[in-house]
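Coordinate analysis (summary)
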Amino acid sequence: MNSKRRAYLRGQAMTMDCIIHVGKSGVTPEITESIREALDARELIKINVLKNCLDDVSSVAAVLGDRTQSEVITVIGRKIVLFKQAKENSKYEE
C-alpha cells in the first residue's frame, strides 16, 4: 500500500467512531472474531485500546493485523485503524 492511499484511509477514519474496545483481557479470540466480522462488513474500522489493557498498543495493532489478515493504517495514541479490502464492491477502491 502506498503512502497516498494510506493517507486517504487515515483521513476517512478521522470522522469515524471507535466500534471495538480492547480492555484488560487484551486480544482474545472473541475480540479477534468481532474485528474480523467488522472488517468484512465495513472494510475500515477504528479500535480503542483502553487504559486498563496492559499490552503495548503497537503490539496489539500488529497482532490484530496478523490475526485478521488486515493492514494497520495507523496507530495514534490508544487508537488503531485497520483496513481490509473487500473482495467485491469495495467502498475504498484504489
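Heads up: the structure comes first, above all this text.
Residues numbered from 1 in each chain as written. Predicted model: local features only at pLDDT ≥ 70, side-chain atom pairs only at ≥ 80, totals over all residues. Heavy atoms only, no water.

Examining the overall build of the protein
Across its full length, the protein carries 3 helices and 4 strands. When the helices and strands of the protein are read in sequence order from the N terminus, they spell out α-β-α-β-α-β-β. Residue pairs at least 24 apart in sequence account for 70% of intrachain contacts in the protein once pairs closer than 6 positions are excluded. Averaging the positions of the 15 positive and the 13 negative side-chain charges in the protein gives two centres separated by 7 Å. (Helix = DSSP H or I, 4+ residues; strand = E, 2+ residues; numbered from the N terminus. Contact = heavy atoms within 4.5 Å. Lys, Arg positive; Asp, Glu negative; His and termini not counted. Charge placed at Lys NZ, Arg CZ, Asp CG, Glu CD.)

Some points on the nonpolar core
Within the largest apolar cluster, 17 residues are counted, with the highest numbers of intra-cluster contacts made by Ile35, Ile45, Ile47, Val49, Leu64, Ile80 and Leu82. Those elements giving two or more residues to this core turn out to be β1 (20-22), α2 (29-42), β2 (44-49), α3 (57-68) and β4 (79-83). Those residues in contact with leucine 82 that sit more than four places away from it in its chain are Ile35, Leu39, Glu43, Leu44, Ile45, Ile47, Leu64, Thr68, Ser70, Glu71, Val72 and Ile73. Core analysis: the second largest hydrophobic core is formed by 8 residues, Leu9, Ala13, Leu44 and Tyr92 among them. (Core = buried A, V, L, I, M, F, W, Y, C linked by side-chain atoms within 4.5 Å. Buried < 20%, exposed > 50% of the residue type's maximum accessible area, 1.4 Å probe, protein only.)

Considerations on the side chain of lysine 46
With respect to the helices and strands, lysine 46 occurs in strand β2. Aspartate 17 provides the closest opposite charge to the buried, unpaired lysine 46, separated from it by 6.7 Å. Within polar-contact distance, the side chain of lysine 46 engages the backbone oxygen of methionine 16 at 3.3 Å. In contact with lysine 46, not counting residues within four places along its chain, are Ala13, Met14, Met16, Asp17, Cys18, Ile19, Ile20, Lys79, Ile80 and Val81. (Salt bridge = Lys/Arg side-chain N within 4 Å of Asp/Glu carboxyl O. Polar contact = N/O pair within 3.5 Å; in protein donor to acceptor, adjacent residues only side chain to side chain.)

A word on the pattern of salt bridges
Should their charged atoms come close, side chains of opposite charge can pair. Evaluation of the coordinates by the stated rule reveals 2 salt bridges. In this structure, glutamate 33 engages arginine 36 in a salt bridge whose closest nitrogen and oxygen atoms are separated by 3.0 Å. Taken together, the residues span about one helical turn, with glutamate 33 and arginine 36 both in helix α2 at a distance of 3 residues. The class for glutamate 33 is partly exposed, based on a relative accessible area of 35%. Assessed through its relative accessible area of 25%, arginine 36 is described here as partly exposed.

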